[in-house]
Structures are given as structure tokens and as C-alpha cells.
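Structural overview for review
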Amino acid sequence: MVALVLLLILMLLVTAAPPAAPAPADECRSTELATARVSTGVLLEHGNRTSTKVRSELRIEVPAGWRFAKHLLLSEESPEYIRAMACITRPQGGQHRRWSEWRDRPPLVTAEKDGGVTVVDRAHTWVNVYDPVDAGLWSVSADGDRWTVRLHPPRALAGARWTEIKVDPGAPGAETATPLPDGGEGATALLWHPASSAKGPAAKKGKQESGEKPPATEPPPAVTVRLKPSWQRSWSAHSNRPVTVLLDRSGYIASSAVTGALLLCAVVLFRRRSTSPTAQQDRTLRNLAQWAVASTLLALLTDGRAVLQRYAELRDTDVWQDELVLRDHGFALAFVAVLLFVARPTRRVWAALAVLTVPPLLVAVLPGTFGLRREALPGASGLALATEVTASFCLFSLCSLAWAAAAWRLATDGRLLPGSRRFPGNDRVLRLRLAGPAVLAWTILVSAFFALTEERAWQRASWLSDRTVPDYGLDHWNDFVWEALASVPRAQDWLSNYLWLLTGVAMLAVLRAWRSTTDVSPLEKPADRLLFLTFFGVVVILGGGYVVGFSAISSLWPVLGMLALYGFVAPFTGRSVLSQSLEGSGRVLATVADPASRTMLLDKSRSYREIHAELRRLDQGMFGDVPPKRSDLEQRLGNLHRWPASPPLPGGPDRLPARISVVDVALALGPKDTWWANGSRCARLSLIPAVPATLLMLWVWTIRGESWSWVLSDHFGVPGLLLEFVSWMTSWTGAAFALGALWRRLPGQRGAAKALPVTLAFALPSAVNALVLHVTEESTAGLAFAVSTMLFVLTVTGIAMDFDTFRTERRYWQSRMGLLLSVYQMRYYSLQFAYLVAQIVAMISIWQFLAEPDAAPQPPDPKG
């Protein structure tokens, strides 16, 4: 019997339920926040941007009775502040990092008279990835063509009084909402008021009376709103999917392939010429052919790596450091090898490149030796960080030095750089003692800003993390190791964005080497025409076709620019001054107005202007007692229209057309004797107006509005301003080169009129791009301003070309303006009228520019 009782007791003990686990400690003292008043809202902004922007706001009136209320008044770096702020703003706890969440400033904390504290926290993010993104207490998930907006209240505020919850999903509004809202606001906003439906009397604001129980409340509703955004915003939210990455990167590859095909066609046309090429011409053609192939290979390496990386991440979410090192370092070294195939540097440069190759090659081959292996995770050693930083530093130096060597080779073979001073008659050599320190300084500058930006990104994502726990320092250390690894492909992508500069150098080298002294413009022969139009499409035209986050049609824009320039120039060459025929023989001016006649034309032009000045003074009665006879002055003007024939014609000398003066012919020739010389001179003259134009465009596209925050968040944003400056300067001077090269074929009698066709050729692709962006409901800010700025640069440059044509008369005038007014035959009232018109146009342009909405750049890519 005793044994049976003992057996029953044992069975009861075995089958008894285990003791309940202790309730988790309430570190945030949630019960003390029962009288807190909370309101929150979220707004989705879809229009005038590529990716939808999500703005959230959280307002909390913290009672004085909360133990951590006064901690909120401390510095943002204080551990007490971090713990208190994490309790009321983080659903998952403060140690969770949010890479996709952004803030313009820390939460606004205001002390109230009753001892309480009011906290207003504003955050934002972009729906530019397929994964959920967070902003404050809200998350947005892009689930296919339906998006879900959810509220995630902190546990500490579960018993607080939620006065208002607001969700504005934007047009066309919400499809479903759970629970159903209490009301609405405006066209699309939904409102919930949980506190008004709570049981018990309304809560009193401020501190509770002694012994008074908090009023009964209900937990905040699990607000969930589903919406169907426009197809444009839905597509842009899938930018991190492998298929969309392939679609995006294929556009860049196709653009490089199209440009390479055009360059190879130009090489074939040059090779078909009957004359044997010189050594310089042969080198430039070989360089152009090599670069046509190399640029396409570089695009395949850069963009193909990005596609393979995304597919690899999808297949294996556990990517280890040693695998990344081998892949990324291998692609980067291949990138350098392709550039060196074109550069063919000197032996000293080869030696420097070999030394820089050793660290990344060792790390790629032997990652385990330096702590970059699976067993090293989750903690990385100091050796791993130092090694990877060194390898990344050397790889960036390698890419920069190879980039510079390739540009130097293309420029020197085309004689685009002045010859050597030490060895006259020889090309300049890329000297390591100058290139080495320059590349080193450049790498240090980029690395310093990369490290500062990464530190800012870490502080932004972990601003509510507890810095006293050991995991924080370990995670911070590992983050820098991973970012050092990621800097290799990012730097490769960044530098590849400016490979078009090398394409422009290669084309200019061929145009200079194969220039003809007899051709009126580069449009005369098929080879020159194709290469010149390609130069305009690649160097001058703004990139377009990047819509809803993809660049699949971007390859069309250089071709569109080529067709625009040819379409605005070729059909109207018959209206140019030099296309007119002489009265008498009928010969075209372009065939007889050679460099030998320039001196004669300039002399006649001065006499022409002086006689017209005498006629004006005669009309105004400004002569003395014996004024000249008008008939004599008119006879002298008539004689100036005679064109000397060599040999003389039977019917006497030719005469200029009635509507064309010797001044018009002199201005039509330009300051130089060939189209190449005119183009080079025009490019140099454009440098002065190009500087303020570039600064304005940098302000419009990279500083104004949201653009500056994007620059500061991009790891290469601040150093990228230098390359953007070079890019804009290259575009302005490239357009000026096209203006000068086409100078003798452009319609119009003055430089300001000649600038119009080139500006229209620049404006047409921009207008098409603006139309496409309008259809996709994306921002077009900056495009109109870029066109107006191009008109300004080319107009000023055209006027400078007219002035430069008569630069030999500068010593006879007190000021440049006096000579310019004499050339244009402008009197004082004409100048005043022109100045008034310019003021009106400037005011209208400035008003339209300031009224234009801020640019909405691409949002930064979240790290996780």
C-alpha cells in the first residue's frame, strides 16, 4: 500500500505541469507610463520622386511620475537618455539597428511646467527595396503590387493613452484598413482615436493625484493598412530583386556596347581612307579600337559583378568574408588589368602597380591567415581589420593610378597635351614622382571621407543602442570590417561612372590626329562626322532613360543627342554665311574665304565699321564745317564689297551678296584657320563662363533640398563633388568645342545666334527625358535649368569668339566692351535695350527656378 502511494505521488510529480517561467522584468516601468498621452502618424509621398518617401511622427507627453522622464533631458550621448528614449520609441528594444531609418535631427525634447516631458520624434525612409522598411513606429512592406503599412507600438506604451493614430497612404488611398478607422482627414488620411473609446473617464493630463488609480485603457489597436500604389512606385520598390538588378545593369552594359560599336565603326571608316595614315594617326586609331573593346569589358566586369552578387546573396544568405574577398578583389584586379591593357605604362609605373597588387592578392588567396574566414565570425580581429583596410586602400590606389595612366596614354598619343619641356619634340611621360603622390593624396582623401561617412551611418543606425554592453563594441568593429570589404566593389562602381571621360579623350585624340585643313567642318567626311557626333552624344548630352529605378533604355540618349545635333545643323548649313554665293562667278564663299584672305577681310572690316561710324556722325550733325559727302562714303562702302579674284575674272571682281558684309564674313571664319583650331579655341574661351555654371549646377543637383543629405550619406558623396565638378566642366567645354568646330557651318551672323542650334541639340534629349519622367511621375527638377545654363555658356562663348576674331584691334580700344560694340555696330541705346531685355529674362528664369520643387534624388541604399 505504501509502495502504491509512493508510485502515485511519483506519477503526479512527473505529469505535473512545469513551473511557470518568471515574467520578464519590466525595465521600462510601463505601469508608470499609463497616463502618458501618445499620438502618431505616417505619410507616404509618392509624387515627384523615384521611390516613395515615408514620413512618420511620434508625439509623447511623458508624465512626471515616470522614473526615467528626467533622463530624456540629458545629452543624446548619455546612457540614461538612450535607455529612456529606446523605451518609448523602439518596439524591439534599443539594441536593434535600423539602417533604413533616417532623421534630419534628434527627437525634440521639451520640459513641461508640471514636471513632465514632451517628446516629438520625426523619422523618414524610402520604399526602394522589397524588404520591409521602418520609420519610427511604422513599417512599410512592398508585397508585390500591394503594400502594407503597420503600426508597431513599444511595449512600454501599451497601457498609455493613444489619443490619435493617423495613416495617410497617399493617392489613390487605402484599399483595406484593420481595424476600421474612426474617421478621415483630407482626401486619403485615416484616423483612429483609441482614447475616446477606452473604458472609464478621460485621462487627466499631467501627474496623477496621490492614491488615484490610472483610468482604464485599452491597448493601441494593431493598425494595418493595405494600399495599391501606382505601377511606377511599385516597380521602383523592387530595386533589390535579382531580376530588377539584371534589368537595371543591362542598361549600362547596353549603353557601353552601343558606344563601343559606334567607335569601332568610326575606326573602320578611318581605315578605309585612301591616304596612308601617319604613325600618330595609326596610334590614335589603335587606342580608340582598344578602348572601344575595353570600355565594354569594364561595363561587363562592373555591372556583371553586381548581378552575380545579387544572385549569390539570394542563393546563399550566409555570405562569408573569405568568399567576398576572393570575389570582389578578383573583379577589382580584372578591372585594373583591362585599364592597363589600354594604358601601357612605363616600367616605373608597372613596378608601383606590382607593389600595390601584393596586399589585395595575398588577402584574396590567403584570407584565413589574416582572420578573414568563417571561424573568425562573429568577432573579427584587429589583424583582419588592418589587413582588409590596407588591401582596400591599395586596390583603390591601383584603380586610380590605372585610370590616370589610361587617360595619359590616350591624351599623349593624340598630342592633346603639350610636349615635353626637357626633351623638345617628345611626348610628356607620366612620371611616378608626380603621379604617385597625387594618387596617394587622392586615396587618402577618399578613404578619410569613407571612414567618416561610415561612422556617421553607424551612429545613425545604432543611436539607441546600449554602448555599455560588450556586444556594441564588437558589432561596431565588425561593421568596419564588412564595410572595408564592401568598399572595393563600391569604389569600382563609382570610378566606372566616369569612364566616359576616357571615351571623350580617345575620340578627341583621333579627331585631332586626322583633322583636315581643307574641310569646313567635321561633318564633311563620314568618319569625322560619325566620331564627332558620337563625341557630342557621349560627352555633352545629359544622361537619360533612368526611370522607376532602372536604366534599361539609357543607351538611347547618346544616339538621340547625335541625331539632334545633326538634325539642327545639317539642314540649315545652307543658311550660313559661308554657304552663300558670290555675285558674279557664283562661287561659294566657303571655297574662296581661305586663311590667306583673313588679313584682307580684317582690314576691310575695320574700314567698313569706320565708314559706318562716319555715316552715323553725319546723320547726327557731329562733323565740322566741311562734312564729308554721303555719296563718297557710300562709294567706299560699295568698294569694300568687292571680292578680289585670282586670277581676275573677265567681268571684273566678284562681289559679296547684298545681305552680307565683310564683317559677317570675317566673323563667320572665326578666330582660327581650321575647324579643329576654332573648336579648341572655343573650348578654352568657355572655361570662364563654365566655372559659375558648374557651381550653379552643383548647387541645384547635389546641394539644394534633399540632395545634400544624400551626398553626406553616400560613402563617396563628398569626394564625388570634385568629379562632378570635372564632369560638368567637361560637358560645357565639350559643347563649346562642338560650337567652334561647326562655327563655319552654323546659321546666323553673330556668335549668340550660332549658339542656338547647339543648345537646341542639347535641349531635345533633355526634353524627351523630362517627358518620360513626367509619365513616370518622377522629378524633373534641374533639367530646364541645365538647358538655360547651357544657353548662357554657349552665348557668352559665342560672343567671346566674335571678340577673339578681332583681337588684333584690341590695342586701339580702351576697353573690350568698346571693341565688342564696334564689331556688333551697337550704339548706346541698343546696349541699354539689350541690358533691359537681359534683366527681364533673368528675373523670369530666377523666378521659375526658385518656384520649382526641390530635386528628389535617389535614396541611399540601406545596409540591411
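Residues numbered from 1 in each chain as written. Predicted model: local features only at pLDDT ≥ 70, side-chain atom pairs only at ≥ 80, totals over all residues. Heavy atoms only, no water.

**Some thoughts on the pattern of salt bridges**
Scanning all chains against the criterion turns up 33 salt bridges. Close ionic contact of E32 with R67 constitutes a salt bridge, the shortest N to O distance being 3.7 Å. One end of the pair, E32, is in the loop between α1 (2-15) and β1 (37-45); the other, R67, is in the loop between β2 (52-62) and α2 (79-89), and 35 residues separate them in sequence. Accessibility expressed as a relative area gives 24% for E32, which makes it partly exposed. We note a salt bridge from E45 to R49, for which the minimum N-O separation is 3.6 Å. (Salt bridge = Lys/Arg side-chain N within 4 Å of Asp/Glu carboxyl O. Helix = DSSP H or I, 4+ residues; strand = E, 2+ residues; numbered from the N terminus. Buried < 20%, exposed > 50% of the residue type's maximum accessible area, 1.4 Å probe, protein only.)

**Points about the packing of aromatic side chains**
Given two aromatic rings, their pairing is described by the distance between the two centres and the angle made by the two planes. The tally for this structure, following the rule as stated, stands at 17 aromatic pairs. Geometrically, the ring pair formed by F450 and F716 is tilted, given 5.6 Å between the ring centres and 50 degrees between the ring planes. Taken as a pair, F450 in helix α9 (residues 432-461) and F716 in the loop between α20 (707-713) and α21 (717-741) lie far apart in primary sequence, 266 residues in all. Note on F450: relative accessible area 11%, which makes it buried. For F716, a relative accessible area of 6% translates into the label buried. Relative to F716, the ring of W494 lies with its centre 4.8 Å away and its plane at 15 degrees, an arrangement referred to as stacked. Pair noted here: W494 is in helix α10 (residues 470-496) and F716 is in the loop between α20 and α21, with a separation of 222 residues, a long-range link. Aromatic rings pair up to connect F396, W442, F450, W494 and F716 into one cluster. Over the face of the ring belonging to W699 we find R704, whose NZ or CZ atom lies 5.9 Å from the ring centre. (Phe/Tyr/Trp six-rings, centres within 6.5 Å; stacked < 30°, edge-to-face > 60°. Lys NZ or Arg CZ within 6 Å of the ring centre and 35° of its normal.)

**A word on helix α11 (residues 500-513)**
In this model α11 runs 20 Å from its N-terminal to its C-terminal C-alpha over 14 residues, within 8% of the 20 Å that 1.5 Å per residue would give. With eleven of its 14 residues buried, α11 lies for the most part within the structure. (Expected span 1.5 Å × (residues − 1).)

**Here's the deal with the environment of R415**
Position of R415 among the secondary structure elements: in the loop between α8 (382-413) and α9. Residue class for R415 comes out partly exposed when judged on its relative accessible area of 37%. Sequence spacing of R415 and D427 is twelve residues, and the spatial spacing of their C-alpha atoms is 7.5 Å. With near-sequence residues (within four places) excluded, R415 lies in contact with Q280, R283, D427 and R512. (Contact = heavy atoms within 4.5 Å.)

**Regarding the sheet that holds strand β3 (residues 108-111)**
One open sheet holds the seven strands; their spatial order is β3-β4-β2-β1-β8-β11-β10, and the pairing between them is mixed. The open sheet has two edge strands, β3 and β10 (183-185), and neither has a second partner. Taken pair by pair, the neighbouring strands of this sheet meet at an average axis angle of 15 degrees, ignoring direction. By the bridge criterion, nine bridges tie β1 to β2 in an arrangement that is antiparallel. The residue bridging G41 from the neighbouring strand is E57, located in β2. Lying on the sheet, α2 is in contact with β2, β3 and β4 (117-127); it crosses β2 at an angle near 110 degrees. (Pairing = 2+ DSSP bridges. Axes fitted to C-alpha atoms, helices over the stretch in contact; angles between N-to-C directions.)

**Here's the deal with the state of the cysteines**
For the structure on display, the rule yields one disulfide. Residue pairing for C28: its cysteine sulfur links by disulfide to C87, the two sulfurs lying 2.1 Å apart. Because the sign of the S-S torsion sets the handedness, a value of about -80 degrees for the bond joining C28 and C87 places this disulfide among the left-handed ones. Linking C28 in the loop between α1 and β1 with C87 in helix α2, this pair joins segments that are 59 residues apart in sequence. Under the relative-accessibility criterion, C28 is labelled buried at 18%. (Disulfide = S-S within 2.5 Å.)

**A word on the environment of P489**
Within the fold, P489 resides in helix α10. A relative accessible area of 8% means that P489 is categorised as buried. When the C-alpha atoms of P489 and A332 are compared, they prove to be 7.2 Å apart, with 157 residues separating the residues in sequence. When near neighbours in sequence (up to four residues on either side) are disregarded, P489 contacts R305 and D328.

**So, the confidence of the model for the protein**
Confidence in the prediction of the protein, expressed as mean pLDDT, is 83, and 81% of residues score 70 or more. Throughout residues 1-23 the model reports pLDDT below 50, and contacts reaching past four residues in sequence, or to other chains, amount to zero contacts. Counting contacts from residues 850-855, a segment whose pLDDT is below 50, to residues more than four positions away or on other chains yields 18 contacts. (pLDDT = per-residue confidence, 0-100.)

**Remarks on the sheet that holds strand β7 (residues 146-151)**
If you trace the five strands from one edge of the open sheet to the other, you get β5-β6-β7-β12-β9, paired in antiparallel fashion. Edge positions in the open sheet fall to β5 (133-135) and β9 (174-178), since each of these has one partner strand only. Averaged over all adjacent pairs, the angle separating strand axes in this sheet is 20 degrees, with direction ignored. Pairing geometry for strand β6 (residues 138-143) and β7, over six bridges, is antiparallel. The residue bridging A142 from the neighbouring strand is W147, located in β7.

**Quick notes on the side chain of S766**
One can find S766 in helix α22 (residues 751-775). Classification of S766 as buried rests on a relative accessible area of 6%. Within polar-contact distance, the side chain of S766 engages the backbone oxygen of F762 at 3.3 Å. In this structure, S766 is in contact with L542, L783 and V787, ignoring residues within four places of it in sequence. (Polar contact = N/O pair within 3.5 Å; in protein donor to acceptor, adjacent residues only side chain to side chain.)

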